[in-house]
Amino acid sequence: MCEAKNSEIGEPIDRPSIYRTLLIAFVIWSAHFAISYAGVLVFPNAGIARIIAIGAGLIAIAALLGQVLRLRAPRSPLALGSLGLAGAGVIFGTFPAIVG
């Protein structure tokens, strides 16, 4: 099987590298949500749940930024959009834990 490159011909969704980026972005977002929600369920009304949510949020944002840096130029707007949407989901998913 050939290696996927950003110089492939076709629609952006047909390129394996962009599809992989879409998948990774939403896997990171859902893993952050699962970890944060599990922290609240295991430790209700405790400060440790906030620490878990904030820690998971920082790790998720770092993973998303790492994925952005891995994209080769020219960067696809579809891939960057999915990473941005996942980043916004992580930030707004962590915000209620900070506010309490």
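See the structure above.
Worth saying up front: this structure is predicted, and the values here are computed from it rather than measured. (Residues numbered from 1 in each chain as written. Predicted model: local features only at pLDDT ≥ 70, side-chain atom pairs only at ≥ 80, totals over all residues. Heavy atoms only, no water.)

**Some remarks on the overall build of the chain**
Then, number 1: Broken down by element type, the chain carries 3 helices and 0 strands.
Then, number 2: Ordering the α and β elements of the chain from the N terminus gives α-α-α.
Then, number 3: By the burial criterion, 29% of the 100 residues in the chain qualify as buried.
Then, number 4: Partitioning the contacts of the chain with sequence separation of at least 6, the portion at a separation of at least 24 is 62%.
Then, number 5: Accessible surface computed for the chain: about 6700 Å², of which carbon and sulfur atoms make up 72%. (Helix = DSSP H or I, 4+ residues; strand = E, 2+ residues; numbered from the N terminus. Buried < 20%, exposed > 50% of the residue type's maximum accessible area, 1.4 Å probe, protein only. Contact = heavy atoms within 4.5 Å. Areas by Shrake-Rupley, 256 points an atom, 1.4 Å probe, with all protein chains shown as cover.)

**A few points about the nonpolar core**
Then, number 1: In this structure, Ile18, Ala25, Ile28, Ala60, Leu64, Leu71, Ala79, Leu83, Ala86 and Val90 together form the largest nonpolar core, which totals 10 residues.
Then, number 2: Within the residue set of this core, elements represented by two or more residues are α1 (16-42), α2 (47-70) and α3 (77-99). (Core = buried A, V, L, I, M, F, W, Y, C linked by side-chain atoms within 4.5 Å.)

**Regarding the side chain of Ser82**
Then, number 1: The residue Ser82 is located in helix α3 in this model.
Then, number 2: Overall, Ser82 belongs to the buried group, its relative accessible area being 5%.
Then, number 3: In this view, Ser82 contacts Thr21, Leu22, Ala25 and Phe26; residues no more than four positions away in its chain are not counted.

**Quick word on unusual backbone geometry**
Glycine aside, the phi torsion of most residues is negative, and most peptide linkages are trans.
Then, number 1: With a phi close to 55°, Asn45 is a non-glycine residue in the positive phi region.
Then, number 2: Along the chain, Asn45 turns up in the loop between α1 and α2.

**Some words on the packing of α2 against α3**
Then, number 1: At a closest axis distance of 9 Å, the pairing of α2 and α3 adopts a crossing angle of 165°. Looking at the two axes, α2 sits roughly antiparallel to α3. By crossing handedness, the relation of α2 to α3 is classed as left-handed. Across the interface between the two elements, Arg50, Ala53, Ile54, Gly57, Ala60, Ile61, Leu64, Gln67 and Val68 of α2 pack against Leu80, Leu83, Ala86, Gly87, Val90, Ile91, Thr94, Ala97, Ile98 and Val99 of α3.
Then, number 2: Class assignment of the residues belonging to the contact of α2 with α3 gives a composition of 14 nonpolar, 4 polar and 1 charged. (Axes fitted to C-alpha atoms, helices over the stretch in contact; angles between N-to-C directions. Parallel < 35°, antiparallel > 145°, perpendicular 65-115°, else oblique. Left-handed = near helix turned anticlockwise from the far one by under 90°. Nonpolar A, V, L, I, M, F, W, Y, C, P; charged D, E, K, R; others polar.)

**Brief notes about the packing of aromatic side chains**
Then, number 1: Per the stated rule, a full pass over the model turns up 2 aromatic pairs.
Then, number 2: Summarising the aromatic geometry, the rings of Phe26 and Trp29 are spaced 5.8 Å apart at their centres and angled 35° between planes, so their arrangement reads as tilted. One end of the pair is Phe26 and the other is Trp29, both in helix α1 and 3 residues apart, which spans about a single turn. (Phe/Tyr/Trp six-rings, centres within 6.5 Å; stacked < 30°, edge-to-face > 60°.)

**Topic: the environment of Ile51**
Then, number 1: With respect to the helices and strands, the residue Ile51 is situated in helix α2.
Then, number 2: A relative accessible area of 57% means that Ile51 is categorised as exposed.
Then, number 3: When the C-alpha atoms of Ile51 and Ile98 are compared, they prove to be 8.8 Å apart, with 47 residues separating the residues in sequence.

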